[in-house]
Amino acid sequence: MNNSVDVVVIGAGQAGLSASYHLRRAGYEPGTGFVVLDHAPAPGGAWQFRWPSLTYGKVHGMYDLPGMRLTTDEGDAERPSSEVIPAYFTRYEHAFDLRVVRPVHVAAVRDGDDGRLLVETSAGTWSARALINATGTWDRPFWPRYPGQDTFRGRQLHTAQYPGPGAFAGRRVIVVGGGASGVQHLLEIAEVAAETTWVTRRPPVFRDGPFGEVQGREAVAMVEQRVRQGLPPRSVVSVTGLPMTEAMRRAKEKGVLDRLPMFDRITPDGVAWADGRQVAADTILWATGFRAAIDHLAPLRLREPGGGIAVEGTRAVRDPRVHLVGYGPSASTVGANRAGRAAVRDIQALLNGASTSGRIRVPGPAAAPGPVTTPGSVPVPAPEATGRGPALASSP
């Protein structure tokens, strides 16, 4: 199968759905003007895989998708976010007739003929004039490697596999990682475990007080600077610090948040430090974050020497046909919404032959825009005022 469209969108999480909405608003017809390919089995992006104890009431800063408010019912705060948010995404896909194709695994994106891109997938190959990559990070959990790791006789698992606190009842648990998810896991597990130990690579930085618009802009600017330099994006917490909630204050008073530096090796029965300290454990939970799921873009040779993909706005510096939404500074929910709109605006200019900065592809020849086309107009519901959803206790 070889399908030809103007734009392929990879991923149907917040970023992919936002971009798809703006493509619809710009007049691109789903199925012919653009196609959305999603790896997940159902609507909901990575939210459908979150652990059961991450209720909607614990989700921090979930923003509406463009054009449709995230409305909830009484009692939704106590429901798993893996139910509430996928239900919203399902309604959204239907309301705007996005016709997401799933489940589809994208194996590679490479250069085709006449300046087009070939998107090779488990469901065939799509030919496109531009690409919006919105694959997020959930499919690439980061597992650090330490000496002796293969000798550990207990259980090792990652945040991506976290089943909720009940599985750790009566166990001795080491939680590795200083991000928001690691702290949330630690606080839950400490309620039921025989013993918990918190280990982080750097001393955690706790933030008191509100995190307002000014602080948010500063955090985004720091992430954007790294991405502009072609460095891999860093975690949000590394920029913003951990918000000190009431639950965290209580845990700190109990000693749950007494942190140890990273161990030097893993033993059959636990972990050990070079100074002779040892901690026995039944389980090691690696809350060590995720990396951008962009391996399928490798044939395009977009990476910089620093290991990341340099972007201007959302456009890959090395190939103006490729836009990364939900990457780096647009990784937040509100950032993904804005980035989806910006990516579509740039793609429209490129496909209609307008002058855009960085049109020269590096390496390789300039990308040919192909024949100018004017997508047919499609009726799309008028956007409602978009506001912020609940900004509550913690972030996944």
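Residues numbered from 1 in each chain as written. Predicted model: local features only at pLDDT ≥ 70, side-chain atom pairs only at ≥ 80, totals over all residues. Heavy atoms only, no water.

Undergrad: Can you help me understand the overall build of the chain in this one?
TA: Counting its regular elements, the chain contains 7 helices and 18 strands. Here the chain holds 396 residues, and 48% of them are scored as buried. In the chain, once contacts between residues fewer than 6 apart in sequence are set aside, the share between residues at least 24 apart is 71%. Accessible surface computed for the chain: about 17,900 Å², of which carbon and sulfur atoms make up 52%. (Helix = DSSP H or I, 4+ residues; strand = E, 2+ residues; numbered from the N terminus. Buried < 20%, exposed > 50% of the residue type's maximum accessible area, 1.4 Å probe, protein only. Contact = heavy atoms within 4.5 Å. Areas by Shrake-Rupley, 256 points an atom, 1.4 Å probe, with all protein chains shown as cover.)

Undergrad: Help me understand the packing of aromatic side chains in this model?
TA: Geometry of an aromatic ring pair is reported as the spacing of the ring centres plus the angle between the planes. One pass over the full model with this rule turns up 12 aromatic pairs. On the numbers, 6.3 Å between centres and 80 degrees between planes, the contact of Phe263 with Trp273 is edge-to-face. With a gap of 10 residues between them, Phe263 in the loop between β11 (259-261) and β12 (265-267) and Trp273 in the loop between β13 (270-272) and β14 (278-280) connect regions that are remote in the sequence. When sorted by exposure, Phe263 lands in the same class as Trp273, which is buried. Centre to centre, the rings of Phe263 and Trp286 are 6.2 Å apart; their planes meet at 75 degrees, and the pair counts as edge-to-face. Note that Phe263 is positioned in the loop between β11 and β12 and Trp286 in strand β15 (residues 283-286), a separation of 23 residues in sequence. (Phe/Tyr/Trp six-rings, centres within 6.5 Å; stacked < 30°, edge-to-face > 60°.)

Undergrad: I'm lost on the nonpolar core in this one. Help?
TA: Ranked by size, the top nonpolar core spans 57 residues in total, and within it Val7, Leu23, Phe89, Tyr92, Ile132, Ile189 and Leu257 carry the most contacts. Broken down by element, the residue count for this core peaks at 6 residues, all from helix α7 (residues 333-351). Setting aside its immediate chain neighbours within four residues, Leu23 contacts Val7, Val9, Tyr28, Phe34, Ile132 and Val344. (Core = buried A, V, L, I, M, F, W, Y, C linked by side-chain atoms within 4.5 Å.)

Undergrad: What should I look at first to understand helix α2 (residues 81-95) in this one?
TA: One full turn of an α-helix is made of 3.6 residues, so residues set three or four places apart face in the same direction. For α2, built from 15 residues, the straight-helix expectation of 21 Å at 1.5 Å per residue is met to within 8% by its first-to-last C-alpha distance of 21 Å. Buried within α2 we find Ser81, Val84, Ile85, Pro86, Tyr88, Phe89, Tyr92 and Glu93. Of the surrounding elements, those touching the buried residues of α2 are α1 (14-25). With its phi angle positive at about 50 degrees, Asp97 sits one or two positions after the end of α2. (Expected span 1.5 Å × (residues − 1).)

Undergrad: Before we go on, may I ask you to explain the side chain of Thr283 in this structure?
TA: With respect to the helices and strands, the residue Thr283 is situated in strand β15. Every residue in contact with Thr283, bar those within four places of it in the chain, is listed here: Phe152, Arg155, Leu157, Phe168, Arg172, Val173 and Ile174.

Undergrad: Is there a simple way to explain the sheet that holds β14 in this structure?
TA: Think of a sheet as strands paired side by side through backbone hydrogen bonds, with each pair either parallel or antiparallel. Sheet architecture is open: 3 strands sit in the order β12-β13-β14, paired in antiparallel fashion. If you trace the sheet from one side to the other, it starts and ends with β12 and β14, each paired once. Neighbour to neighbour, the strand axes of the sheet diverge by 20 degrees on average, direction disregarded. Relative to β14, β13 is paired through 3 bridges, and the arrangement is antiparallel. Residue pairing for β14: Ala272 is matched across the bridge by Gln278. (Pairing = 2+ DSSP bridges. Axes fitted to C-alpha atoms, helices over the stretch in contact; angles between N-to-C directions.)

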